[in-house]
Amino acid sequence: MPAAPDLSNLLVLVINLDRSPERLARIGADLDALGLQWQRLPAADGRQFDLHDMRWLDTAAFRRRHGKHPMPGELGCYLSHVWAMQALCDSGQPWALVLEDDAHLSPALPSVLAALAREAAHWDLTKLSGVHRGSPRTLRRLDDAHRLCVTLSSYTGSSAYVVQRPAAEVYARGLLPMKVPFDHEFDRGWHWGLKVRAVFPAPCLHDQGNTSTIEKPRGDQKLRGLARWPAYGWRLRNALARLAHGLGSALRA
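## Examining the overall build of the protein
On a plain count of helices and strands, the protein comes out with eight helices and ten strands. Whereas a compact globule of 253 residues would reach a radius of gyration of roughly 18 Å, the protein reaches 18 Å, a difference of no more than 12%. Oriented by its inertia axes, the alpha-carbon framework of the protein measures out at about 60 × 45 × 35 Å. Out of the 253 residues belonging to the protein, those deemed buried represent 50%. Expressed as a percentage of contacts within the protein between residues at least 6 apart in sequence, the contacts between residues at least 24 apart total 79%.

## Re the environment of Leu 105
Summarising the element assignment, Leu 105 is placed in strand S4 (residues 103-105). Here Leu 105 falls in the buried class, since its relative accessible area comes to 15%. Separated by 74 residues in the primary sequence, Leu 105 and Leu 31 place their C-alpha atoms 7.9 Å from one another.

## Let's talk about the pairing of strand S1 (residues 10-16)
The buried count for S1 comes to seven of seven residues, which makes it a mostly enclosed element. Because side chains alternate across S1, one face comprises the buried residues Leu 10, Val 12, Val 14 and Asn 16, and the other comprises Leu 11, Leu 13 and Ile 15, equally buried. The sheet contact formed by S1 and strand S2 (residues 39-42) spans four bridges and is parallel. Counterpart to Ile 15 in the pairing with S2 is Leu 41. Handedness of the crossover joining S1 and S2 through helix H1 (residues 21-33): right-handed.

## Structural notes on helix H2 (residues 59-66)
For H2, the full list of buried residues reads Thr 59, Ala 61, Phe 62 and His 66. Buried residues of H2 fall within an arc of 160° about the axis and therefore sit on the same side. Looking at the packing, one finds that the buried side of H2 touches helix H3 (72-91), helix H6 (182-185) and helix H8 (229-252). Phi turns positive one or two residues past the end of H2, at Gly 67, with a value near 70°.

## Some thoughts on empty space enclosed by the protein
The gaps of empty space that remain are located by a probe, the size of a water molecule, rolled over the atoms. Scanning the model with the defined rule gives one cavity of 30 Å³ or more in all. Counted as a void, the largest cavity has a volume near 100 Å³. Lining the largest cavity we find 13 residues, and of these Val 150, Thr 151, Asp 187, Val 196 and Arg 242 sit closest to its centre. For the lining of the largest cavity, the secondary structure elements donating two or more residues are strand S7 (147-151), helix H7 (189-192), strand S9 (196-200) and H8. Here the lining of the largest cavity is built from residues that sort into five nonpolar, four polar and four charged.

## Brief notes about the nonpolar core
Counting residues in hydrophobic clusters, the biggest one holds 33 residues, and the most contacted among them are Met 85, Leu 125, Tyr 161, Val 163, Tyr 171 and Leu 175. At the level of elements, S1, H3, strand S3 (95-100), strand S8 (160-164) and helix H5 (165-174) are the ones that each hand at least two residues to this core. At seven residues, the largest contribution of residues to this core is made by H3. Among all residues touching Tyr 171, those that are not within four sequence positions of it are Met 85, Leu 125, Val 163, Phe 186, Trp 192, Leu 194 and Val 196. Judged by nonpolar contacts, the second largest core, of 26 residues, contains Leu 24, Trp 95, Ala 160 and Cys 204.

## Brief notes about the state of the cysteines
Going through the model one piece at a time under the given rule, you end up with zero disulfides. Considering cysteine sulfurs only, Cys 204 is the nearest to Cys 77, which forms no disulfide, with 16 Å between them. Note on Cys 89: no disulfide assigned, nearest cysteine sulfur contributed by Cys 77 at a separation of 18 Å.

## Notes on the sheet that holds strand S5 (residues 125-127)
The eight strands lie next to each other as S2-S1-S3-S8-S5-S9-S7-S6, forming an open sheet whose pairing is mixed. The open sheet has two edge strands, S2 and strand S6 (136-141), and neither has a second partner. Geometrically, the sheet is characterised by an average inter-axis angle of 30° between neighbouring strands, direction not taken into account. For S3 and S8, the ladder comprises five bridges, and the chain directions are antiparallel. The residue of S8 that forms the bridge with Leu 99 is Ala 160.

Conventions and cut-offs
Residues numbered from 1 in each chain as written. Predicted model: local features only at pLDDT ≥ 70, side-chain atom pairs only at ≥ 80, totals over all residues. Heavy atoms only, no water. Helix = DSSP H or I, 4+ residues; strand = E, 2+ residues; numbered from the N terminus. Rg over C-alpha atoms; globule rule 2.2 N^0.38 Å. Buried < 20%, exposed > 50% of the residue type's maximum accessible area, 1.4 Å probe, protein only. Contact = heavy atoms within 4.5 Å. Pairing = 2+ DSSP bridges. Right-handed = clockwise from strand over helix to strand, strands pointing away. Arc of directions from axis to C-beta. 1 Å grid on protein atoms, 1.4 Å probe; cavity = no way out; pocket = protein on both sides within 12 Å on 5 of 7 lines; lining within 4 Å. Points joined across faces, edges and corners; volume = space filled by probe spheres on them. Nonpolar A, V, L, I, M, F, W, Y, C, P; charged D, E, K, R; others polar. Core = buried A, V, L, I, M, F, W, Y, C linked by side-chain atoms within 4.5 Å. Disulfide = S-S within 2.5 Å. Axes fitted to C-alpha atoms, helices over the stretch in contact; angles between N-to-C directions.

As structure tokens, this is what we get:
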């Protein structure tokens, strides 16, 4: 039997709201079974923050870029991940695995993490789960089953990713105030000057069937008519930038 990978320098953070102890118990048991030492990161409760406070949220930019009115839960999610970046910066550890408490972990996760540690020069942040197809292009093989890829199309979700401390420092300096939801912001590698990658097939699954701790969208959340047009322009620019960035990364690999 191969030796267990040494992940002693990995900070494992589980983002969890105080009102969701059952989620913490489930993912904690999964992490324990995989032999990963972890700690809870109390999540931000967006209901406790002022949505008009420009320290946290640029409401006008959010509406222009996302075509919706922001919800408290979106701000809470965003701030929780900002806190995760700051926790890594403060920890002294070189990298972190950040998990939302509804992520589902495969038995392959520790070996994928070990492979990513060996390939650390080729990524700054790597997504371990995602929603949508992503149109991945392989940069390197991690093992017989998993590939380190760049995505050419949207691959949203932030339920599981690894980030190295220099990248976390970039994010911690620049993420606030929120202008789009976190999973629409943090993987824009071309904007942040970072090598943002993804593992395929994903070693973690984003649970789309679980009830979200971000409140359900209201019927009036979306902007109407001409008010949505700036968001379409933002999405198109991002799609083109993602494609150009991804193709460039694939050519240089």
